[in-house]
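A look at the structure
So the chains spell out like this:
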Amino acid sequence: MIGLISATAAGAAARDRLAAAWPGRTRVYEGPVGEAVRSAFAECEQLVCFLATGAVVRLLAPLLGDKTADPGVVCVDEGGRFAVSLVGGHGGGANELARAVGDLLGAEPVVTTATDAVGLAGLDTLGLPYEGSVATVSRALLDGEPVALEAELAWPLPPLPVSPRGACTIRLTDRDVEPGEREVLLRPPSLVVGVGASKGAPVEEVLGLIEGTLREAGLSPKSVAELATVDAKAKEPGIVATAGRLGVPLVTYSAEELAAVEVPNPSEAPLAAVGTPSVAEAAALVRGGELLVPKTKSQARPAMATCAVVRRPGRGRLAVVGLGPGARDLLTPRAAAELRRASVLVGLDQYVDQIRDLLRPGTRVLESGLGAEEERARTAVAQAREGHAVALIGSGDAGVYAMASPALAEASDDIDVVGVPGVTAALAAGAVLGAPLGHDHVSISLSDLHTPWEVIERRVRAAAEADIVVTFYNPRSRGRDWQLPKALAILAGHREPTTPVGVVRNASRPDESSRVTTLAELDPATVDMMTVVTVGNTATRIIAGRMVTPRGYRWQESTQERTQEGAQ
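Figured I'd write up the structure that's included with this text. (Residues numbered from 1 in each chain as written. Predicted model: local features only at pLDDT ≥ 70, side-chain atom pairs only at ≥ 80, totals over all residues. Heavy atoms only, no water.)

**Things to note about the overall build of the chain**
As a reminder of what qualifies: Think of it this way: any DSSP run of H or I at least four residues long counts as a helix, any run of E at least two long counts as a strand, and we number them from the N terminus. Between buried and exposed lies partly exposed: a residue is buried under 20% and exposed over 50% of the maximum accessible area for its type, with that area taken using a 1.4 Å probe on protein chains only. The contact criterion used is simple: two residues touch if any of their non-hydrogen atoms lie within 4.5 Å. Reported accessibility uses the Shrake-Rupley method at a 1.4 Å probe radius. Residues are deemed covered only where the shown protein chains occlude them. The sign given to each residue is positive for Lys and Arg and negative for Asp and Glu; His and the chain ends receive no count. Charge positions come from single atoms, namely NZ of Lys, CZ of Arg, CG of Asp or CD of Glu.
Looking only at helices and strands, the chain has 19 helices and 28 strands in total. In terms of overall dimensions, the chain has C-alpha extents of about 95 × 65 × 50 Å along its principal axes. Counting over 568 residues, the chain shows a buried share of 47%. For the chain, restricting intrachain contacts to residue pairs at least 6 apart in sequence, the fraction spanning at least 24 positions comes to 64%. For the chain, the exposed area adds up to about 26900 Å²; of that, 51% sits on carbon and sulfur atoms. Taken as two groups, the 55 positive and 68 negative side-chain charges of the chain have centres that lie 1 Å from each other.

**A word on helix α2 (residues 33-43)**
This is how it is decided: Working note: the arc is built from the helix axis to C-beta atom directions.
G34, A36, V37, A40 and F41 are the residues of α2 that are buried. Relative to the axis of α2, the buried residues are bounded by an arc of 160 degrees and lie together on one face. Buried-residue contacts for α2 involve β1 (2-6), β2 (26-29), β3 (46-50) and α3 (53-60).

**What about the environment of A12?**
When you line up the elements, A12 lands in helix α1 (residues 9-21). Relative accessible area serves as the criterion here: at 16%, A12 is assigned to the buried category. Each C-alpha atom of the pair A12 and V28 lies 9.6 Å from the other, and the pair is 16 residues apart in sequence.

**Overview of the sheet that holds β3**
To keep it simple, the criterion reads: Two strands pair under a simple rule: DSSP has to find at least two bridges between them. Comment: axis = line fitted to C-alpha atoms, over the contacting stretch for helices; angle = value between 0 and 180 degrees taken between N-to-C directions.
In space, the 6 strands of this open sheet follow the order β2-β1-β3-β4-β5-β6, with mixed pairing throughout. One side of each edge strand has no neighbouring strand; the edge strands of this open sheet are β2 and β6 (108-110). Adjacent strand axes in the sheet meet at a mean angle of 25 degrees, parallel and antiparallel pairs treated alike. With 3 bridges connecting them, strand β5 (residues 82-87) and β6 associate as parallel partners. Opposite F82, over in β6, you have E108 as the bridge partner. Set on the sheet, α2 makes contact with β1, β2 and β3; between it and β1 the angle comes to about 175 degrees.

**Considerations on the packing of aromatic side chains**
The geometry of two aromatic rings is summed up by the distance between their centres and the angle between their planes. As a reminder, the rule being used: When two rings of Phe, Tyr or Trp (its six-membered ring) have centres within 6.5 Å they constitute a pair, described as stacked for plane angles under 30 degrees, edge-to-face for angles over 60, and tilted for the intermediate range. As a reminder, the over-ring test applies to NZ of lysine and CZ of arginine, requiring each to be within 6 Å of the ring centre and within 35 degrees of the ring normal.
Tallied over the full model, the rule gives 2 aromatic pairs. The interplanar angle of 55 degrees and the centroid separation of 4.8 Å between the aromatic rings of Y401 and Y473 together place this pair among those described as tilted. Taken together, the positions of Y401 in the loop between β19 (389-394) and α15 (404-410) and Y473 in strand β23 (residues 469-473) put the pair 72 residues apart, joining distant regions of the chain. Residue class for Y401 comes out partly exposed when judged on its relative accessible area of 44%. Here Y473 falls in the buried class, since its relative accessible area comes to 10%. Seen from the ring of W22, R25 lies directly overhead, with NZ or CZ sitting 4.4 Å from the centre.

**Some remarks on the pairing of strand β18 (residues 364-368)**
Rules: Orient the strands so they point away from the viewer, and a crossover whose first-strand-to-second-strand path over the helix runs clockwise is right-handed.
With 5 bridges joining them, strand β17 (residues 344-348) and β18 adopt parallel strand pairing. For V346, the partnering residue across the bridge sits in β18 and is L366. Chirality of the crossover, the property in question, places the unit of β17, helix α13 (residues 349-355) and β18 among those that are right-handed.

**Brief notes about the pattern of salt bridges**
How we decide: We define a salt bridge as a contact between a side-chain nitrogen of Lys or Arg and a carboxyl oxygen of Asp or Glu at a distance within 4 Å.
Following the criterion strictly, the structure yields 25 salt bridges and no others. Across the salt bridge formed by R27 and E43, the nearest N and O atoms sit 3.2 Å from each other. Of this pair, R27 sits in strand β2 while E43 sits in helix α2, and the two are 16 residues apart along the sequence. Judged by its relative accessible area of 35%, R27 falls in the partly exposed class. Overall, E43 belongs to the partly exposed group, its relative accessible area being 45%.

**Here's the deal with helix α18 (residues 483-492)**
Along α18, the residues that are buried comprise Q483, L484, A487, L488, I490 and L491. One side of α18 holds all its buried residues, which, seen down the axis, span an arc of 155 degrees. Elements in contact with the buried residues of α18: α17 (453-466), β23 and β26 (531-535).

**Overview of the side chain of T471**
Of note, T471 is situated in strand β23. Non-local contacts of T471, meaning those with residues more than four positions away in its chain, are made with A426, L437, V442, S443, I444, V532, V533 and T534.

**Some details on the sheet that holds strand β10 (residues 183-186)**
Here 4 strands make up an open sheet; going across it, the order is β7-β10-β9-β8 and the pairing mixed. The open sheet has two edge strands, β7 (130-132) and β8 (147-151), and neither has a second partner. Mean inter-strand twist for the sheet, computed between neighbouring axes without regard to direction, equals 15 degrees. Taken together, the 3 bridges between β7 and β10 define a ladder with antiparallel strand orientation.

**Re the environment of E43**
Note the threshold: The definition of a polar contact used here is a pair of N or O atoms within 3.5 Å, where within protein one atom must be able to donate a hydrogen and the other to accept one, and adjacent residues in sequence count solely through side-chain atom pairs.
Linking E43 and T363, residues 320 residues apart in sequence, is a C-alpha distance of 40 Å. Engagement of the side chain of E43 in a polar contact is seen with the side chain of R27, the distance being 3.2 Å.

**Some thoughts on the nonpolar core**
Formally: Residues belong to a common nonpolar core when they are buried Ala, Val, Leu, Ile, Met, Phe, Trp, Tyr or Cys residues joined through side-chain atoms within 4.5 Å.
The biggest cluster of nonpolar side chains holds 21 residues, and the ones touching the most others in it are I444, L446, V460, F472 and V535. Elements with a minimum of two residues in this core: α17, β23, α18, β24 (500-505) and β26. Setting aside residues no more than four positions away along its own chain, V535 makes contact with V469, V470, F472, L488, L491, R495, T499, P500, V501, L519 and M547.

**A short note on the pairing of β2**
As paired elements, β1 and β2 share 4 bridges and run parallel to each other. What sits directly across from G3, in β2, is R27. In this view, the connection linking β1 to its parallel neighbour β2 by way of α1 has right-handed handedness.

**Section: the packing of α1 against helix α4 (residues 94-105)**
To keep it simple, the criterion reads: Convention used here: angles under 35 degrees read as roughly parallel, angles over 145 as roughly antiparallel, angles from 65 to 115 as roughly perpendicular, and any remaining angle as oblique.
In contact at an axis separation of 11 Å, α1 and α4 are set at 105 degrees when each is read in the N-to-C sense. In this view, α1 runs roughly perpendicular relative to α4, as classed from their interaxial angle. From α1, A14, R17, L18 and A21 reach across to α4, where they touch V101, L104 and L105.

The values reported here are purely geometric and, on their own, carry no functional implication.
Following this line, the structure appears as structure tokens:
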């Protein structure tokens with residue numbers, strides 16, 4: 001819950017905007033400000049105070065305890081100009097809250113946490129349990145000192161400026177070890193504990209078995225991702241309570257699924273009881289992994305619980321990111337977030353140059369020139385398979401004549417894939433021209449590098465016969481100068497010479513140029529590969545110099561009637 005406190009009418013107005021935008025997430029505290037702050041501090045995970053920072057500091061000072069437990073506090077000035085992350089930037093989530101409040105109220109987020117200020121990923125913000133000298137190792141990263149990364153298993157981490165050796169160390173491990181003096185341990189959720197239990201097995205027996213088994217195997221309980229069992233045990237109190245005590249989800253599988261898993265220690269007892277020869281081992285192994293601890297029974301007499309432990313490999317993550325048409329303000333926030341998250345960036349060199357300043361320190365960049373699309377796709381997938389967090393970039397929308405198709409054709413289900421949409425060239429050009437895509441439309445690439453011209457021509461002819469607005473990508477290059485005239489001739493066989501045509505070069509970029517002409521007047525020689533050509537249908541009109549395709553023909557007819565009436 002986010003507590004909201006204000007003292008003036010201006011503050012209350014901004015407070016109420018926040019409360020209306022986040023219903024269910026916020027609670028307004030009325031009354032004397034000091035009492036409101038004390039109550040909210042005790043009852044809420046985060047606070048937003050619409051007060052002067054000095055006043056908030058004085059009110060908070062006697063309440064502060066441990067930075068890992070204190071609420072995150074954001075202070076917004078009376079004019080609504082700034083949202084200041086004041087307390088609990090990382091642990092309390094105040095940095096992200098300041099950004100969210102700023103987006104909503106139009107305020108500038110002010111984040112002074114050292115790592116955030118220079119674009120480093122904070123070691124305490126990676127979403128992984130951590131132990132050790134976070135301040136010492138973070139200071140070394142900030143000062144540019146060599147910090148070693150010792151990854152005992154592959155896991156998708158955000159970029160970190162690490163070295164092969166260093167006086168400080170970041171160790172990614174699920175082993176139950178103590179951190180060194182200048183070391184931070186990161187605990188990946190790599191362990192799955194399969195558990196079986198007789199009816200009525202007490203939580204103490206189930207929990208004790210799991211904790212003891214992990215301890216004897218030298219594995220950290222902080223790396224347990226989930227408990228797994230058979231559906232028939234989904235509501236067994238001892239298992240449910242154990243998952244709650246460990247703070248992990250309980251995942252269940254059908255007996256049929258578990259029976260199909262090959263295990264080293266099958267048994268007749270679970271087969272008779274729940275329909276599968278293995279519960280603990282099969283439930284842990286059903287989604288793959290390395291069996292670290294085979295089926296182990298509790299020490300109780302009679303034993304009422306069994307468990308097995310599996311290490312699942314980290315799944316790499318591939319984000320296919322559309323950068324938009326080129327203008328920075330048309331790059332979506334989601335795309336920018338994925339660029340900051342990726343430890344490996346793969347892309348065309350000229351696209352990498354567009355967003356290089358958005359990358360965090362430590363990002364590994366794999367760039368190549370024109371014509372290497374399939375190689376880039378294979379590289380990105382291979383990096384994800386090694387367990388990295390990868391961003392594969394393309395212009396416009398990555399799924400439109402860009403990198404998503406070759407990448408997804410190469411990828412299998414052993415990695416996670418995320419698509420991040422972008423503003424396409426057709427949309428950017430359409431916004432410049434007016435509203436040419438107001439009704440049905442189609443995009444066709446005139447490049448025959450990947451598609452035979454016979455297929456392209458058939459598609460152009462179908463669009464012409466269907467009276468659909470057409471946007472031509474890759475319309476003309478030095479070595480390909482006849483395709484656009486041919487396509488225009490096909491359209492001219494079905495549309496009037498006066499049909500509007502929009503030509504936009506470098507849409508949204510500083511050297512953008514555009515013009516609206518007609519099908520008869522367009523000179524193909526003025527078009528190149530940086531140009532998008534949009535040909536209207538029979539309903540498209542030029543109105544006040546803009547290209548408009550009405551949403552419906554009734555609208556067009558009524559407009560024409562009004563125009564005629566006005567002329568009479």
